[in-house]
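Next come the chains, spelled out residue by residue.
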Amino acid sequence: MSDSTYENYPFSIVCLSTIQTIASYAIGAFIFYLAVGFWLALLYIFLCIALFWMAMWFRCSYCYYYGKKCPTGLGNLCKSLFQKGDSAEFGNPKNVKPVAVPSFTLMFLPLIVGLIYVIVSFSWLLLLSLIAYFVVTVNAGFLLRKNLLCKSCKQGEIGCPAYKGMKGEKS
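Residues numbered from 1 in each chain as written. Predicted model: local features only at pLDDT ≥ 70, side-chain atom pairs only at ≥ 80, totals over all residues. Heavy atoms only, no water.

Caption draft 1: Main features of helix α4 (residues 93-120). The terminal C-alpha atoms of α4 lie 39 Å apart, and with 28 residues this matches the ideal 40 Å at 1.5 Å per residue to within 8%. F108 marks the point of greatest bend in α4, at about 35°, and the proline P110 comes within the next four residues. Those residues of α4 not exposed but buried are N95, V96, V99, L106, M107, P110, L111, V113, G114 and V118. (Helix = DSSP H or I, 4+ residues; strand = E, 2+ residues; numbered from the N terminus. Expected span 1.5 Å × (residues − 1). Bend = angle between axes of the 7 residues up to and from the residue. Buried < 20%, exposed > 50% of the residue type's maximum accessible area, 1.4 Å probe, protein only.)

So, in structure tokens, the structure goes:
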């Protein structure tokens, strides 16, 4: 993907990635709030926080960027919470599946719930929130990963299913 990798990601990339992630979860929570109310929006936020915990446990602790400035900003935080694992195990399905399934579920839930409620009880605010969510989460998220985050990732060279997928290779 790239000729050079980062030992520590630049602060600007970490900030951009963090802003995109927080905006995605905030818009997703707002969609839940508009569609099904405060308590389920709060539950969605709790599940997003739990996903971060799971990501650090199953992914970050095995990543090359453990204890370093990684594109998600979790590498340093992970070091204070979990022991380092073997970076070669990063792509092991036992470390991928427990995070991938909830991650994709949390990504698509606001779209599904929002679409159902736009059809059942149309609201311009909800429709605009869905469009914003799609742009920020799906489009920007995948473009950011492919063109900025994964492109210069040292863990990708060691072994990462997403990195291989971005290059068009099979895991």
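Caption draft 2: Representation of the environment of L127 in the model. Mapped onto the fold, L127 is located in helix α5 (residues 124-149). With relative accessibility at 25%, the residue L127 sits in the partly exposed group. A C-alpha to C-alpha distance of 39 Å links L127 and G159, two positions 32 residues apart in sequence. Once residues lying within four places of it in the same chain are set aside, the contact partners of L127 are V118 and F122. (Contact = heavy atoms within 4.5 Å.)

Caption draft 3: Spotlight on the layout of surface pockets. Here the largest pocket is characterised by a volume of approximately 1300 Å³. As for the largest pocket, its lining consists of 44 residues, and the residues nearest its centre are R59, T72, V99, S103 and R145. Broken down by secondary-structure element, the contributors of at least two residues to the lining of the largest pocket are α1 (11-36), α2 (38-58), α4, α5 and α7 (161-166). Element by element, the count of residues in the lining of the largest pocket is highest for α5, at eight residues. Classifying every residue of the lining of the largest pocket by side-chain character gives 31 nonpolar, 11 polar and two charged. (1 Å grid on protein atoms, 1.4 Å probe; cavity = no way out; pocket = protein on both sides within 12 Å on 5 of 7 lines; lining within 4 Å. Points joined across faces, edges and corners; volume = space filled by probe spheres on them. Nonpolar A, V, L, I, M, F, W, Y, C, P; charged D, E, K, R; others polar.)

Caption draft 4: Quick look at the nonpolar core. Membership of the largest hydrophobic core comes to 21 residues, with the highest contact counts inside it found for I31, Y44 and Y133. Contributions of two or more residues to this core are made by α1, α2, α4 and α5. Beyond its immediate sequence surroundings of up to four residues, I31 is in contact with P110, G114, L126, S129, L130 and Y133. Membership of the second largest hydrophobic core comes to 15 residues, among which are Y62, Y65, F90 and C160. (Core = buried A, V, L, I, M, F, W, Y, C linked by side-chain atoms within 4.5 Å.)

Caption draft 5: Molecular detail of a nonpolar patch on the surface. Judged by side-chain polarity, F30, Y33, L34, F38, W39, L42, I45, I49 and L125 come together as a nonpolar surface patch covering roughly 890 Å² of accessible area. If you list the elements that add at least two residues to the nonpolar patch, you get α1 and α2. Ranked by the residues each element gives to the nonpolar patch, the list is headed by α2, at five residues. In this structure, W39 sits in helix α2. (Patch = residues over 30% accessible without salt bridge, like charges linked within 9 Å, V, L, I, M, F, W, Y side chains within 5 Å. Areas by Shrake-Rupley, 256 points an atom, 1.4 Å probe, with all protein chains shown as cover. Salt bridge = Lys/Arg side-chain N within 4 Å of Asp/Glu carboxyl O.)

Caption draft 6: The arrangement of the packing of α4 against α5 in detail. Relative to each other, α4 and α5 sit at 155°, their axes nearing to 10 Å. Taken together, the axes of α4 and α5 are roughly antiparallel relative to one another. In this structure, α4 crosses over α5, and the sense of that crossing is left-handed. In this structure, α4 uses F104, L106, M107, P110, L111, G114, L115, Y117 and V118 to contact α5, whose residues at the interface are L126, L127, L130, Y133, F134, T137, V138 and F142. Among the residues making up the contact of α4 with α5, the classes are represented as 15 nonpolar, two polar and no charged. (Axes fitted to C-alpha atoms, helices over the stretch in contact; angles between N-to-C directions. Parallel < 35°, antiparallel > 145°, perpendicular 65-115°, else oblique. Left-handed = near helix turned anticlockwise from the far one by under 90°.)

The values are spatial; any link to function lies outside them.
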